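Next come the chains, spelled out residue by residue.
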Amino acid sequence: MTKSGLTIATTLRQPAELVAHGLAPAAALADLEKVAARYAIAVTPQIAGLIDPGDPTDPIARQFIPAADELVSGPGERADPIGDHAHSPVAGIVHRYPDRVLFKLVHVCAVYCRFCFRREMVGPGRDSALSEPAYQSALDYIRARKEIWEVILTGGDPLMLSPRRLGEIMADLAAIGHVRVIRLHTRVPVADPARISDQMVAALKVEGAVTWVALHANHASELTGKARAACARLIDAGIPMVSQSVLLRGVNDNPADLEALMRSFVECRIKPYYLHHGDLAPGTAHLRTTLAHGQQLMRSLRGRVSGLCQPDYVLDIPGGHGKSPVGPNYLAADHAQEREYQAETRYRVSDYCGDVHLYPPDQ
Ligand code: SF4
């Protein structure tokens, strides 16, 4: 049931459904149809139930209900903001760092986040899953490279697969001797906690490799009783969890909300791992903060909560140069090139190889 008292039985995917359930204003329908023609929409009953339709600043609505702002592409925004394509040797694999690969099995998610960095690649209109030959080629790629220690199943959301299929994939990966860690990135425990069934938990446990789950959540209210119970099922089965969040304007870009989110993770036995600076995905400028504001928040968090509650604040450098920590101690203003770039100062940021890049990059 939503906070306005309406019962929602199925995932909402059309702007008209959002309007009918009071989750979007009727006056916005024409614009939202244009957004829907470009980017996928999905709001599960669990997520719809968290939204207060009477609150125009609702932090859950900002993450999942489309907005006309998405039709405007800001400076520097790009279809592939973190350079997946440039590092994809075979379909389904992104190999950016020597010891690990991303393995993108599906292009669908339980919910579609309005700030998604892969928003041009995910959604029901895309190929829903890797074909069997492509899957086998991706496995061959991993088998042939002994330096690959960790395989990260990511999105779309790997927990959209059936437990049976996921179990097969986990077994295939664990059978590769040098693959010691399999990490899954997911929003399912908060968006559709019932999917974390006994069968799903069993599918994730595999002989020969250790499984980690990284939970994506951005506001403490996403960690409902059902979501906490779903995470507990995973953790009680021996699967350690970490968190990843995106710093989002109007969602968690203030000390109190960020602190509550990190405390909630730790209370759920989930170690805060990453706080991502918003990627330059098209039509997401209204949800991004500045790096300076993110650093300020990290300083504030450091002073308010224990080290257990501290994530790494990271920037995925546009162009596929990887993640760099950009917390207060890692970033310097480039006075030689400093200039106003919309609302953002220009910075020099080092990647893991020590190479220096400008952020925001040149157009
Ligand atoms: S769940 Fe992940 S991949 Fe899917 S829309 Fe959200 S951010 Fe994008």
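Let me sum up the structure you'll find in this document. (Residues numbered from 1 in each chain as written. Predicted model: local features only at pLDDT ≥ 70, side-chain atom pairs only at ≥ 80, totals over all residues. Heavy atoms only, no water.)

It is worth spelling out the site of the ligand at this point. Within the structure, the ligand sits among Cys109, Val111, Tyr112, Cys113, Cys116, Arg187 and His216. With respect to the detected pockets, the ligand is housed in the largest pocket. Residue classes in the shell around the ligand are distributed as five nonpolar, one polar and one charged. (Near = heavy atom within 4 Å. 1 Å grid on protein atoms, 1.4 Å probe; cavity = no way out; pocket = protein on both sides within 12 Å on 5 of 7 lines; lining within 4 Å. Sits in = over half its atoms within 2 Å of the grid points. Nonpolar A, V, L, I, M, F, W, Y, C, P; charged D, E, K, R; others polar.)

At their nearest, the axes of helix H5 (residues 132-143) and helix H6 (residues 163-174) sit 11 Å apart, and the two run at 30° to each other. Considering the angle they form, H5 stands roughly parallel to H6. Both H5 and H6 take part in a crossing whose hand is right-handed. Residue-level inspection shows Glu132, Tyr135, Leu139 and Ile142 of H5 in contact with H6, the latter providing Arg165, Glu168, Ile169, Asp172 and Leu173. (Axes fitted to C-alpha atoms, helices over the stretch in contact; angles between N-to-C directions. Helix = DSSP H or I, 4+ residues; strand = E, 2+ residues; numbered from the N terminus. Parallel < 35°, antiparallel > 145°, perpendicular 65-115°, else oblique. Left-handed = near helix turned anticlockwise from the far one by under 90°. Contact = heavy atoms within 4.5 Å.)

Strand order across the open sheet formed by nine strands is E1-E2-E3-E4-E5-E6-E7-E8-E9, with mixed pairing between neighbours. Lying at the two open borders of the sheet, with one neighbouring strand each, are strand E1 (93-97) and strand E9 (323-325). The average undirected angle you get between the axes of adjacent strands in this sheet is 30°. For strand E7 (residues 270-276) and strand E8 (residues 312-316), the ladder comprises three bridges, and the chain directions are parallel. Note on E8: the bridge partner recorded for Tyr274 is Asp312. Lying over the sheet, helix H9 (residues 225-236) contacts strand E5 (210-216), strand E6 (241-246) and E7, oriented at roughly 140° with respect to E6. (Pairing = 2+ DSSP bridges.)

The next thing to look at is the layout of surface pockets. Size it by volume and the largest pocket reaches roughly 860 Å³. Every residue lining the largest pocket is counted, 40 residues in all, and those nearest its centre are Phe117, Thr154, His185, Gln244 and His276. Elements that contribute at least two residues to the lining of the largest pocket include exactly E1, strand E2 (100-104), strand E3 (150-154), strand E4 (181-186), E6, E7, E8 and E9. Across the lining of the largest pocket, the residue classes break down as 19 nonpolar, 11 polar and 10 charged. (Points joined across faces, edges and corners; volume = space filled by probe spheres on them.)

In this section: the pairing of E5. For E5, the buried fraction is high: five of the seven residues fall into the buried class. Here E4 pairs with E5 via six bridges, running parallel. Pairing of Leu184 across the sheet is with Val213, part of E5. Two elements, E5 and E6, share four bridges in a ladder whose sense is parallel. Bridged to Val213 within E6 is Met241. Where the polypeptide runs from E5 across H9 and back to E6, its parallel neighbour, the crossover connection is right-handed. (Buried < 20%, exposed > 50% of the residue type's maximum accessible area, 1.4 Å probe, protein only. Right-handed = clockwise from strand over helix to strand, strands pointing away.)

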